[in-house]
Amino acid sequence: MSEEFGPTFITVTDEDGQEIVLEFIDALEYNGQMYQAFFPAETEGEEDPDSGLVILKVLHEDGEDVLSTLDSDEELEAVYNLFVEALFEDEED
């Protein structure tokens with residue numbers, strides 16, 4: 001991913017109605033499904049110990065892309081491992 005124009009941020013709403021700002025990291029396809037990885041954006045004055053990699057899948061609904069949580073722990077683990085491999089591969093270059 002090119003950093004020429006700077007990072008890309010999105011805002012999502014969690015199940016409690018709180019808005020969370022995420023920084024886009026990468027996207028990949030696994031078993032015919034697209035997934036996107038994000039890190040929670042750092043907010044001035046806030047430290048979140050649970051600010052790890054956030055993985056969401058891209059669903060197509062009514063002609064639009066919608067981000068959704070993954071269906072199972074197995075799916076999450078498989079996709080997480082692929083993203084980690086890709087991120088570390090980029091660091092080695």
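Residues numbered from 1 in each chain as written. Predicted model: local features only at pLDDT ≥ 70, side-chain atom pairs only at ≥ 80, totals over all residues. Heavy atoms only, no water.

K.L.:
Let's hear about the overall build of the chain: which residues, and what values?
P.N.:
The helix and strand tally for the chain stands at 1 helix and 5 strands. Start at the N end of the chain and walk to the C end: the helices and strands fall as β-β-β-β-β-α. Looking at the 93 residues of the chain, the share that counts as buried comes to 19%. Put simply, 28% of the contacts in the chain that link residues at least 6 apart link residues at least 24 apart. As presented, the chain carries roughly 7200 Å² of accessible surface, and 44% of it is formed by carbon and sulfur atoms. (Helix = DSSP H or I, 4+ residues; strand = E, 2+ residues; numbered from the N terminus. Buried < 20%, exposed > 50% of the residue type's maximum accessible area, 1.4 Å probe, protein only. Contact = heavy atoms within 4.5 Å. Areas by Shrake-Rupley, 256 points an atom, 1.4 Å probe, with all protein chains shown as cover.)

K.L.:
How would you sum up the packing of aromatic side chains? Please name residues and give values.
P.N.:
One pass over the full model with this rule turns up 2 aromatic pairs. A centroid spacing of 5.8 Å and a plane angle of 75° characterise the contact between Phe24 and Phe38, whose relative ring orientation is edge-to-face. One end of the pair, Phe24, is in strand 2 (residues 19-30); the other, Phe38, is in strand 3 (residues 33-40), with 14 residues separating them in the sequence. Across the pair, exposure class does not vary: Phe24 and Phe38 are buried alike. Aromatic pair Tyr30 and Tyr35: ring centres 6.4 Å apart, planes at 55°, arrangement tilted. A residue is classified by how much of its surface remains accessible, and Tyr35, at 3% relative accessible area, is buried. (Phe/Tyr/Trp six-rings, centres within 6.5 Å; stacked < 30°, edge-to-face > 60°.)

What is shown is where atoms sit, not what they do.
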